[in-house]
Amino acid sequence: MTQGHITIVRLTSAVTAGLTLAVVPQAAQAAGVLAGTLIENTASATYSSGAASGSVSSNTVTVKVDELLDVAVAGLTTTPVTAGSTSVVLEYSITNTGNGGEAFNVTVDPAVAGNGFDAVIQTIAYDSNGNGNYDAGVDTVITNGGATSSLAADASLKVFVIVTLPAGATDGQSSQVRLTADAVTGTGTPGTVFTGQGEGGGDAVVGASGASDNATDQMIASLATVALAKSATVLDPFGGSQPVPGAVITYTLVATVSGTGQADDLHVTDVIPAGTTYQLSSLKLDGAGLTDAADADAGVAGASGIDVNLGTVAGGTTKTVKFDVKIN
Amino acid sequence: MKANWIASIIGMTAFAACTLATPALANPQPVELIGDVKVEKVVVENGKETRSWIKPQVVVPGDRLTFSTQYRNTGANKIDNFVVTNPIPTGVMLAPDGAATLDVSVDGGKTWGKLGALQVADGKGGQRAALHADVTHVRWTLPVLNPGTTGALTYNAIVR
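We now turn to the structure provided with this report. (Residues numbered from 1 in each chain as written. Chains lettered and ligands numbered in written order. Predicted model: local features only at pLDDT ≥ 70, side-chain atom pairs only at ≥ 80, totals over all residues. Heavy atoms only, no water.)

**Some details on the overall build of chain A**
Part 1: Along the backbone of chain A there are 1 helix and 25 strands.
Part 2: The proportion of buried residues among the 328 residues of chain A is 42%.
Part 3: For chain A, the share of sequence-separated contacts (at least 6 apart) that also reach a separation of at least 24 residues comes to 72%.
Part 4: In the form shown here, chain A has an accessible surface area of approximately 14,800 Å², with 55% of it arising from carbon and sulfur atoms. (Helix = DSSP H or I, 4+ residues; strand = E, 2+ residues; numbered from the N terminus. Buried < 20%, exposed > 50% of the residue type's maximum accessible area, 1.4 Å probe, protein only. Contact = heavy atoms within 4.5 Å. Areas by Shrake-Rupley, 256 points an atom, 1.4 Å probe, with all protein chains shown as cover.)

Shown next as structure tokens:
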């Protein structure tokens, strides 16, 4: 009796729904109809028989749409990120191309075939405040292999991977970092069914993506190397070049910075050789005199030695430091 | 073996609705309509594709469904102008194959024709040729249905 009652109720509401919905234009959805949607089909007929006419409706057949597990991952870094001495942020997007809410496990692999170096992963975080930028201490940090929050059908989430160069990286080497997103419910061959695990109590079915996708972002090491060359010239009191007492030795230190990156906090230092005396105010940087005192200019010099702070020097730059000592 | 099919059906009790449409049981409908649905199952075995149509257990976007309506003249008299109308359910669209030959409507059943002759608003103030996904209703017209005549009307749909 109960069974019959239920059938009639369903039939009535389904027929009404079928007729009402038919006149509403159907918007196509990128990810398809949402999991749990009921597809209800009812046909009706009109006819005449002799002088009489009538109409009849069929039963309604109902199919419930199950959850399709699909995902798309894209690397958002279109031009390679330049990585120097500080960490860089690689950006990826994960889009739930399925039709139900789903969280995704995020795995980051810095070891991609063809890499010049494998980046060191510092942090993986997703854009939990949705502003599109990495906010340290604000965006939710996940472990490598950890899950994002649940993404609604069609929704996208930005994921940030913060990496640094490994110790062995050299200037100009490039590297790819791969991010893989797997549906938390499961992955597998398209068509694989996870019974009862779909949204809305139905099944979950692996879609064409295998419920897993990955993409890479590229980075390029931009480093600087510093070479320092020291030379000396001697001027004796007689106009010659003999290193005799009273002769003045001019030391020249040439710092050459090469590479596409920059050298930070670069200092050129030297000690005053034993048996010689620093000649006051003889310190020069690229031909310009520097005071001996520790003041606004870059140089400090005295009896113990010299120190020229070159600060940040870009690759391709040469800096020349000179100072004089007199042989005692 | 790789099964590419998919699927869940609920409440698919085949139950003729004529008792609802007709208040008095003493005057039963001379025609019955029985609806059914099948999902296409593609099995790839040794690189060979086999298609079959089964009762759906799981359906997901992209699946192909066949909706069928069986009709039968259960009365003693000839029936004329038998017109069966089937709104396309929300969540599916008419499949492109075979759509051209059906009598369809793209405006909720107000006007009818072959798909190639119909137009819809293009959303930019103009009109464009209607596509299979625009179809809102399908219709079949049978001029005469003699007593005992039975048959099935089908259309294919794709889960959006």
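Text resumes after the structure shown.
**Considering the packing of aromatic side chains**
Part 1: Considering all chains together, one arrives at 5 aromatic pairs over all chains under this definition.
Part 2: The structure contains a cluster of three or more aromatic residues connected by ring pairs, namely Phe67, Trp140 and Tyr155 of chain B.
Part 3: Taking NZ or CZ as reference, lysine 230 of chain A lies 4.6 Å from the ring centre of tyrosine 251 of chain A, over its face. (Phe/Tyr/Trp six-rings, centres within 6.5 Å; stacked < 30°, edge-to-face > 60°. Lys NZ or Arg CZ within 6 Å of the ring centre and 35° of its normal.)

**A word on the sheet that holds strand S12 (residues 137-145) of chain B**
Sheet strands line up and pair through hydrogen bonds in the backbone, either parallel or antiparallel.
Part 1: What the 6 strands build is an open sheet, ordered S3(A)-S2(A)-S6(B)-S12(B)-S8(B)-S9(B); its pairing is antiparallel. Bordering the open sheet on either side are strand S3 (52-57) of chain A together with strand S9 (113-114) of chain B, each of which pairs with just one other strand.
Part 2: In this sheet, strand S6 (residues 79-87) of chain B lies alongside strand S2 (residues 44-49) of chain A in antiparallel orientation, the contact comprising 4 bridges. Paired with serine 44 of chain A across the bridge in S6 of chain B is threonine 85 of chain B. (Pairing = 2+ DSSP bridges.)

**Observations regarding the nonpolar core**
Part 1: Counting residues in each nonpolar core, the largest one holds 40 residues, and the members touching the most others are Leu65, Phe67, Phe82, Leu94, Val138 and Tyr155 of chain B.
Part 2: Ignoring anything within four residues of it in the chain, the contact list for phenylalanine 67 of chain B reads Ile39, Asn41 and Val61 of chain A together with Asp36, Val37, Pro89, Val92, Leu153, Thr154, Tyr155 and Ala157 of chain B.
Part 3: One finds Val73, Val81, Val108 and Val206 of chain A within the second-largest nonpolar core, a separate group that totals 35 residues. (Core = buried A, V, L, I, M, F, W, Y, C linked by side-chain atoms within 4.5 Å.)

**Notes on the environment of threonine 95 of chain A**
All names here are of chain A.
Part 1: As for its position among the elements, threonine 95 is in strand S8 (residues 88-96).
Part 2: Residues threonine 95 and serine 156, spaced 61 residues apart in sequence, show a C-alpha to C-alpha distance of 4.1 Å.
Part 3: Apart from residues lying up to four places away in sequence, threonine 95 is in contact with Asp70, Val71, Ala72, Asp154, Ala155 and Ser156.
Part 4: At 2.7 Å, the side chain of threonine 95 forms a polar contact with the side chain of serine 156. (Polar contact = N/O pair within 3.5 Å; in protein donor to acceptor, adjacent residues only side chain to side chain.)

**Some points on the sheet that holds strand S14 (residues 193-194) of chain A**
All names here are of chain A.
Part 1: Read across the open sheet, the 3 strands follow the order S5-S15-S14; overall the sheet is mixed. The open sheet is flanked by strand S5 (67-69) and S14, the only strands paired with a single partner.
Part 2: For S14 and strand S15 (residues 204-206), the ladder comprises 2 bridges, and the chain directions are antiparallel. Paired with valine 193 across the bridge in S15 is valine 205.

**With respect to the side chain of aspartate 270 of chain A**
All names here are of chain A.
Part 1: By the secondary structure assignment, aspartate 270 is in strand S19 (residues 262-271).
Part 2: Separated by 2.5 Å, the side chains of aspartate 270 and lysine 230 make a polar contact.
Part 3: Not counting residues within four places of it along the chain, the set of residues in contact with aspartate 270 comprises Lys230, Leu253, Ser304, Gly305, Ile306 and Phe323.

**So, the environment of glutamate 199 of chain A**
Residues and elements named next belong to chain A.
Part 1: With respect to the element layout, glutamate 199 can be found in the loop between S14 and S15.
Part 2: With 134 residues separating them along the chain, glutamate 199 and valine 65 place their C-alpha atoms 9.9 Å apart.
Part 3: Excluding its chain neighbours within four sequence positions, the residues that come into contact with glutamate 199 are Ala35, Glu67, Gly100 and Gly101.
Part 4: A polar atom in the side chain of glutamate 199 sits 2.9 Å from the backbone nitrogen of glycine 101.

**A word on the pattern of salt bridges**
Part 1: Counting across every chain of the model gives 10 salt bridges over all chains.
Part 2: A salt bridge links glutamate 91 of chain A to lysine 158 of chain A; the shortest N-O distance between them is 3.3 Å. Of this pair, glutamate 91 of chain A sits in strand S8 while lysine 158 of chain A sits in strand S12 (residues 156-164); the two residues are 67 residues apart in sequence, bridging distant segments of the chain.
Part 3: Overall, the relative accessible area of 21% leaves glutamate 91 of chain A in the partly exposed class.
Part 4: When the shortest N-O distance is used, the salt bridge between arginine 64 of chain B and glutamate 40 of chain B registers 3.5 Å. Highlighted residues: arginine 64 of chain B in strand S5 (residues 64-73) and glutamate 40 of chain B in strand S3 (residues 31-45), separated in sequence by 24 residues. Across the pair, glutamate 40 of chain B and arginine 64 of chain B agree in class, each one buried. (Salt bridge = Lys/Arg side-chain N within 4 Å of Asp/Glu carboxyl O.)

It is worth stressing that arrangement in space is one thing and function is another; only the former is reported here.
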